[in-house]
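As a plain string of letters, each chain reads:
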Amino acid sequence: MEEAKLEQFQQWVDESRRIVFFGGAGVSTESGIPDFRSVDGLYNQQYAYPPETILSHTFFERDPEEFYRFYHNKMLFPAAKPNAAHRKLAELEQAGKLTAVVTQNIDGLHQAAGSVNVYELHGSVHRNHCMKCHQFYDLDFVMGQEGVPRCPVCGGIVKPDVVLYEEALDQNTMMGALRAIQQADLLIIGGTSLAVYPAAGLIQYYEGRRLVLINKSPTPYDSQADLLIAAPIGEFFSRVQVR
Ligand SMILES: [Zn+2]
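Anyway, here's the lowdown on the structure attached to this text. (Residues numbered from 1 in each chain as written. Predicted model: local features only at pLDDT ≥ 70, side-chain atom pairs only at ≥ 80, totals over all residues. Heavy atoms only, no water.)

## Things to note about the coordination of the zinc ion
Within the protein, the zinc ion binds to C130 (SG), C133 (SG), C151 (SG) and C154 (SG); these donor distances fall in the range 2.3 Å. Bound by four donor atoms, the zinc ion shows angles of 95 to 115° at the metal and therefore tetrahedral coordination geometry. Residue classification places C130 among the buried positions, given a relative accessible area of 1%. (Donors = N, O, S within 2.8 Å, 3.2 Å for Na, K, Ca; no water. Tetrahedral: all angles 85-135°; square planar, octahedral: opposite > 155°, others 65-115°. Buried < 20%, exposed > 50% of the residue type's maximum accessible area, 1.4 Å probe, protein only.)

## Some words on helix α1 (residues 3-15)
Three- or four-residue spacings in an α-helix give side chains the same orientation, since the helix completes a turn every 3.6 residues. End to end, α1 covers 18 Å across 13 residues, agreeing with the expected 18 Å (1.5 Å per residue, within 8%). Of all the positions in α1, only L6, F9, Q10, W12 and V13 are classed as buried. In an axial view of α1, the angular spread of the buried residues amounts to 165°, which keeps them on one side of the axis. Among the exposed residues of α1, those pointing more than 90 degrees away from its buried face are A4 and E7. Where α1 is buried, its residues contact β1 (19-23), α7 (84-94), β7 (186-190), β8 (211-214), β9 (227-229) and α12 (233-237). (Helix = DSSP H or I, 4+ residues; strand = E, 2+ residues; numbered from the N terminus. Expected span 1.5 Å × (residues − 1). Arc of directions from axis to C-beta. Contact = heavy atoms within 4.5 Å.)

## Description of the pairing of β8
Burial of the side chains of β8 extends over both faces: L211 and L213 are buried on one face and V212 and I214 on the other. Of the strand pairs in this sheet, β7 and β8 are connected by four bridges, and their pairing is parallel. Along β8, the bridge assignment pairs I189 with L213. In this structure, β8 lies alongside β9, joined through three bridges in parallel fashion. Residue pairing in the sheet places I214 in a bridge with I229 of β9. (Pairing = 2+ DSSP bridges.)

## Structural notes on the sheet that holds strand β6 (residues 158-162)
Strand pairing in a sheet takes place through backbone hydrogen bonds and is either antiparallel or parallel in direction. Spatially, β5-β4-β6 is the arrangement adopted by the three strands of the open sheet, whose pairing is antiparallel. The sheet is open, and its two borders are formed by β5 (136-137) and β6, each paired with just one other strand. Sheet topology places strand β4 (residues 123-130) next to β6; five bridges connect them, and they run antiparallel. Within β6, the residue paired with C130 across the bridge is V158. The strands touched by helix α6 (residues 64-74) are β4 and β6; relative to β6, the strand with the most contacts, the crossing angle is about 50°. (Axes fitted to C-alpha atoms, helices over the stretch in contact; angles between N-to-C directions.)

## Some words on the environment of S115
Note that S115 resides in the loop between α8 (109-113) and β3 (118-120). Dropping the residues within four chain positions of it, S115 is found in contact with L89, A90, E93, V101 and H110.

## Concerning unusual backbone geometry
Located in the positive-phi region is H134, a residue other than glycine, with phi close to 65°. Summarising the element assignment, H134 is placed in the loop between β4 and β5. Phi at E166 takes a positive value of approximately 85°, unusual for a residue other than glycine. The residue E166 is located in the loop between β6 and α10 (171-183) in this model.

## As for the packing of aromatic side chains
For the structure on display, the rule yields 14 aromatic pairs. Taking 6.0 Å as the distance between ring centres and 80° as the angle between the ring planes, the aromatic pair formed by F236 and F237 counts as edge-to-face. The exposure classification of F236 matches that of F237, with both residues buried. Ring pairing ties together the aromatic residues F9, F21, F236 and F237, which thus form one cluster. (Phe/Tyr/Trp six-rings, centres within 6.5 Å; stacked < 30°, edge-to-face > 60°.)

Encoded structure:
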């Protein structure tokens, strides 16, 4: 990585008071959580449908057994630990320099690292509710159930608070994320190709002058970035100082 870029980034972090970080799957890959969209060679032998089909509302209603077989195997990583990016962002918040993390991830690793103001656009595997009586269940409950988790209170199907394809995003979460981005003085986007809705729409609300893009591969927004960093995000953040 070019040292000049790290220096520039550090200077902007030092000068900022309302940093917002917007992240995607790439933030968690260094914690050992693969992007579920990256289908491996074994995938087609194990599943008859693409991930986007299995993770849809229609599919959940039609075949919760198969949904949960995929969900247990491909979406849950209870042993995953926060990496340097998660930890540094939590430190920046504690230091009063970062106002919000907006994430497309559902793994809860930002909170595990100590972040408090986190907008989880696509929900979280840590929250689950009975579809019938709305009783809350945590991740341990879902992990402990074979197949489709059933509510011990009423027998209803327990559904993760994860936004499935065809489902609407939570409006309060969206509004909170939008406001934070609008008021930011430094927007850092990392570990996302910005191809997934509503990422691209949200960054249009940014009014600041400093937009940093950190991604291993090119994105359609590279030309809009004031600072473009092609590096693994955890590795990069491990070299940033909070001061
Ligand atoms: Zn119930």
